[in-house]
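Below, each chain spelled out in residue letters.
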Amino acid sequence: MDIDGVLYRGHTAINGAREFIEYLIEEDLKFICVTNNSAKTPTEYSKRLNKMNINIGENNIINSGIATVEFIKNKFLKEKERLSAYVIGGDGLISLIKESGIVLEENNPDLVVVGWDVNFTYEKMKKASLAIQRGAIYIGTNPDTTYPSEEGILPGCGAILASITTASGVEPIIIGKPNPLIMEMAAKRISAKKEKSLMIGDRIDTDILAGRNFGIQTALVLSGVISKSDATMSTIKPDYIFEDMMDLYLNLKKSRER
Ligand SMILES: [Mg+2]
C-alpha cells in the first residue's frame with residue numbers, strides 16, 4: 001500500500017488506517033508500504049505512523065530512494081569496481097547512495113541520480129545535463145510531477161526530471177511507481193504471491209498503474225488526491241474503489257468471514 005493519502009494526510013491519520021493495520025497483524029496477512037517519496041527514511045515514516053498509533057516497522061516500508069539504490073547495485077555495481085554518481089536529492093537519498101559504496105562525483109560521473117530536491121538550482125540542472133551529455137546514465141527516483149502541501153500543489157521530482165530531460169535531450173530510467181521495479185522489490189521482501197496480492201493507493205497514475213503493471217489486483221481509496229468523478233473518468237480502472245481505509249477494512253473483514 002501507498003502511505004500519503006492512504007494511511008495519513010499531513011499529520012492526521014486517515015479514518016480506519018489504524019484498524020486496518022491492526023487487522024492485518026492479527027490475521028497474519030503480510031503487508032508492505034511502498035512510497036515514491038524519497039525525502040524521508042523508513043525509520044522516519046515508521047516513527048510518524050507510530051505517533052498516530054499505526055504500528056508499522058521500518059522493514060515494512062520501502063521508498064523510491066531505497067529501490068533506486070538497490071536497482072543501481074544490482075544493475076551496475078556488480079559489473080564495476082568503482083561507480084560514481086552525481087546526485088540531486090534530499091539528505092536521505094544522498095546518504096543511501098554513500099552507504100551503498102557509490103562515490104559522489106560532480107564532473108565526470110557514471111550516473112546522474114535525481115530525486116525530489118527542495119534546493120534544486122540552475123547550477124544543479126547544468127551539472128546533470130552536462131554529465132548526461134557526456135554519457136552518464138540518467139536515473140530518476142520517481143515520476144510524480146507534483147507534491148501536495150499546505151501551500152498548495154508544489155513541483156515534484158517529475159518536474160525536476162523534466163527540466164533535465166529538456167536540457168539534455170535524454171529521458172531518465174525511472175524506478176518508483178508506476179514502474180513495476182519497486183513493486184517487485186517490495187513483493188520480494190515479504191515473499192508475496194502475485195495472485196494473492198492487492199495494491200492499495202490514492203493515485204491512479206502511480207499506485208493503481210503500478211499494481212496493474214506488476215500484474216496484481218488494485219484498490220483505490222478516495223481519501224487522497226482523487227475524487228470519485230476523476231476515478232470514473234479515468235481510462236485505467238481499479239478493481240475496487242473505497243471511500244477510505246475504514247470502508248476497505250470493513251469490506252475485507254466481511255468477505256473473509258464469509
Ligand atoms: Mg498517495
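Only a predicted model underlies this, so the values are computations on that prediction, with no experimental measurement involved.

What counts as what
- Residues numbered from 1 in each chain as written.
- Predicted model: local features only at pLDDT ≥ 70, side-chain atom pairs only at ≥ 80, totals over all residues.
- Heavy atoms only, no water.
- Helix = DSSP H or I, 4+ residues; strand = E, 2+ residues; numbered from the N terminus.
- Buried < 20%, exposed > 50% of the residue type's maximum accessible area, 1.4 Å probe, protein only.
- Contact = heavy atoms within 4.5 Å.
- Areas by Shrake-Rupley, 256 points an atom, 1.4 Å probe, with all protein chains shown as cover.
- Lys, Arg positive; Asp, Glu negative; His and termini not counted.
- Charge placed at Lys NZ, Arg CZ, Asp CG, Glu CD.
- Salt bridge = Lys/Arg side-chain N within 4 Å of Asp/Glu carboxyl O.
- Polar contact = N/O pair within 3.5 Å; in protein donor to acceptor, adjacent residues only side chain to side chain.
- Domains from an automatic or database assignment.
- Buried area = accessible area lost by both parts, 1.4 Å probe.

Draft legend 1. Main features of the overall build of the protein chain. Check the secondary structure of the protein chain and you find 10 helices and 14 strands. A principal-axis box enclosing the C-alpha atoms of the protein chain has dimensions of 60 × 35 × 35 Å. When each of the 258 residues of the protein chain is scored for burial, the buried share is 48%. A sequence separation of at least 24 residues applies to 64% of the contacts in the protein chain between residues at least 6 apart. By element, 50% of the accessible surface of the protein chain is carried by carbon and sulfur atoms, the whole surface being about 13,000 Å². Each charge sign in the protein chain was given a centre, from 31 positive and 34 negative side chains, and these centres are 3 Å apart.

Draft legend 2. Structural context of the pattern of salt bridges. Within this structure, the stated rule accounts for 11 salt bridges. Residue Arg18 pairs with Glu22 through a salt bridge whose shortest N-O separation is 3.6 Å. Here Arg18 pairs with Glu22, and both are found in helix H1 (residues 17-26), just 4 residues apart, close to one helical turn. With a relative accessible area of 33%, Arg18 lands in the partly exposed category. Measuring nitrogen to oxygen at the nearest pair gives 2.9 Å for the salt bridge that ties Arg256 to Glu27. Within this pair, whereas Arg256 is found in helix H10 (residues 245-257), its partner Glu27 is found in the loop between H1 and strand E3 (33-35), the two being separated by 229 residues in sequence.

Draft legend 3. Representation of the side chain of Asp207 in the model. Turning to its location among the elements, Asp207 is positioned in helix H8 (residues 204-214). Under the relative-accessibility criterion, Asp207 is labelled buried at 2%. Among the polar contacts made by the side chain of Asp207, one reaches the main-chain amide nitrogen of Arg203 at a distance of 3.0 Å. Contact partners of Asp207, with chain neighbours within four places excluded, come to Asp2, Lys177, Met199, Gly201 and Asp202.

Draft legend 4. Spotlight on the domain arrangement of the protein chain. Domains assigned within the protein chain are domain 1 (8-63 + 177-257) and domain 2 (65-174). A C-alpha centroid distance of 26 Å is found between domain 1 and domain 2. Across the contact, 17 residues belong to domain 1 and 15 residues belong to domain 2. Of the roughly 1,300 Å² buried where domain 1 meets domain 2, counting both sides, 58% is carbon and sulfur surface. Where domain 1 packs against domain 2, one counts 0 salt bridges.

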